[in-house]
Amino acid sequence: SEIGEGFEKIGLYTDAVQCFALADNHERLAVLGTKCLKNGHLKDAMTAFATINDSDNLNRVGSECVEKNKLDYAIEIFGLTGSSEQLVRVGRKCVEQKQYASAVKAFELADDKESLNVVGDLCLRENLLNTALRAYQSASNDTMVAFVKTNLPPLNPAFFLSKFLA
């Protein structure tokens, strides 16, 4: 724990969290998580609170991540806490920003098949066939999975190699 305190004093929060986690020092992790949240070190706050299974503070970090537009962190956090309502909210924000792959992840974790189908449709319109396929697969929409699979262009290794070697 002394090493963790040393890391914390010089602002190496990631290392401090790791030290306190290894020492199983839940009290210091809670204090450090709060400090990290206050100072905008959201990933470190997430790690600290996840280590001690503090869902309330994890949800606070997740909300801060949404505010700061760190949507992938928010999805990870709300996935850990099982907050389907928050996952749907973040998924919708991802859709607004056309971050469809992240939206699919959020809606998968929330088990929101209706939203997954909507994202699949949006991806089809934008010719994002792989993301559409994943969305439809997660929504168990067999009809659209078959449609996308029949319309996916065949893989052409020569094409990819020519781009790679050019």
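Caption draft 1: Spatial organisation of the overall build of the protein chain. Helix and strand counts for the protein chain stand at 12 helices and zero strands. When the elements of the protein chain are put in sequence order from the N terminus, they spell out α-α-α-α-α-α-α-α-α-α-α-α. Over its C-alpha trace the protein chain gives a radius of gyration of 20 Å, far above what one expects of a compact globule, namely 15 Å for 166 residues. With respect to the principal axes defined by its C-alpha atoms, the protein chain has extents near 60 × 45 × 25 Å.

Caption draft 2: Focus on unusual backbone geometry. If you check the backbone angles, Asn69 has positive phi at about 60° while not being a glycine. Its place among the elements puts Asn69 in the loop between α5 (55-67) and α6 (71-81). In the Ramachandran plot, Ser140 falls in the positive-phi region, its phi being about 60° despite a non-glycine side chain. Along the chain, Ser140 falls in the loop between α10 (129-138) and α11 (142-151).

Caption draft 3: Summary view of the pattern of salt bridges. Summed over all chains, the structure comprises seven salt bridges. In this structure, Glu76 and Lys43 form a salt bridge, with 3.7 Å as the shortest nitrogen-oxygen distance. Note that Glu76 is positioned in helix α6 and Lys43 in helix α4 (residues 42-51), a separation of 33 residues in sequence. Using a relative accessible area of 34% as the deciding quantity, one classes Glu76 as partly exposed. The partly exposed category is assigned to Lys43, whose relative accessible area is 33%. Salt bridges linked by common partners bring Glu8, Arg28 and Lys35 together as one network.

Caption draft 4: Quick look at the nonpolar core. Of all hydrophobic cores here, the largest spans 45 residues; its most connected members are Leu32, Val61, Ile77, Phe78, Val90 and Val119. The element contributing the most residues to this core is helix α8 (residues 100-110), with six residues.

Caption draft 5: Inspection of α11 at higher detail. Restricting attention to buried positions, one finds in α11 the residues Met144, Val145 and Val148. Along the axis of α11, the buried residues cluster in a sector spanning 105°; they form a single face. Counted as exposed and oriented over 90 degrees from the buried face of α11: Asp142, Thr143, Lys149 and Thr150.

Caption draft 6: Expanded view of the confidence of the model for the protein chain. In this model, the protein chain carries an average pLDDT of 90, and 92% of its residues clear a pLDDT of 70 or more. At the level of individual helices and strands, the protein chain shows its lowest average pLDDT in helix α12 (residues 157-165), which scores 56, and its highest in α8, which scores 98.

Caption draft 7: Geometry of the packing of helix α3 (residues 26-38) against α4. Two elements in contact, α3 and α4, have axes separated by 8 Å at closest approach and are oriented at 155°. By the angle between their directions, the pair α3 and α4 is classed as roughly antiparallel. Crossing hand, α3 versus α4: left-handed. Along the contact surface, α3 presents Leu29, Ala30, Gly33, Thr34, Cys36 and Leu37, while α4 presents Leu42, Asp44, Ala45, Ala48, Phe49 and Thr51. When its residues are assigned to classes, the contact of α3 with α4 shows eight nonpolar, three polar and one charged.

Caption draft 8: Representation of the state of the cysteines in the model. In this structure the tally under the stated criterion is zero disulfides. The structure places no disulfide on Cys36, whose sulfur is separated from the nearest cysteine sulfur, that of Cys65, by 12 Å. What makes Cys36 buried here is its relative accessible area of 0%. In this structure Cys94 is not part of a disulfide, and its nearest cysteine sulfur, from Cys123, lies 12 Å away. The exposure class of Cys94 is buried, given its relative accessible area of 0%.

What counts and what doesn't
Residues numbered from 1 in each chain as written. Predicted model: local features only at pLDDT ≥ 70, side-chain atom pairs only at ≥ 80, totals over all residues. Heavy atoms only, no water. Helix = DSSP H or I, 4+ residues; strand = E, 2+ residues; numbered from the N terminus. Rg over C-alpha atoms; globule rule 2.2 N^0.38 Å. Salt bridge = Lys/Arg side-chain N within 4 Å of Asp/Glu carboxyl O. Buried < 20%, exposed > 50% of the residue type's maximum accessible area, 1.4 Å probe, protein only. Core = buried A, V, L, I, M, F, W, Y, C linked by side-chain atoms within 4.5 Å. Arc of directions from axis to C-beta. pLDDT = per-residue confidence, 0-100. Axes fitted to C-alpha atoms, helices over the stretch in contact; angles between N-to-C directions. Parallel < 35°, antiparallel > 145°, perpendicular 65-115°, else oblique. Left-handed = near helix turned anticlockwise from the far one by under 90°. Contact = heavy atoms within 4.5 Å. Nonpolar A, V, L, I, M, F, W, Y, C, P; charged D, E, K, R; others polar. Disulfide = S-S within 2.5 Å.

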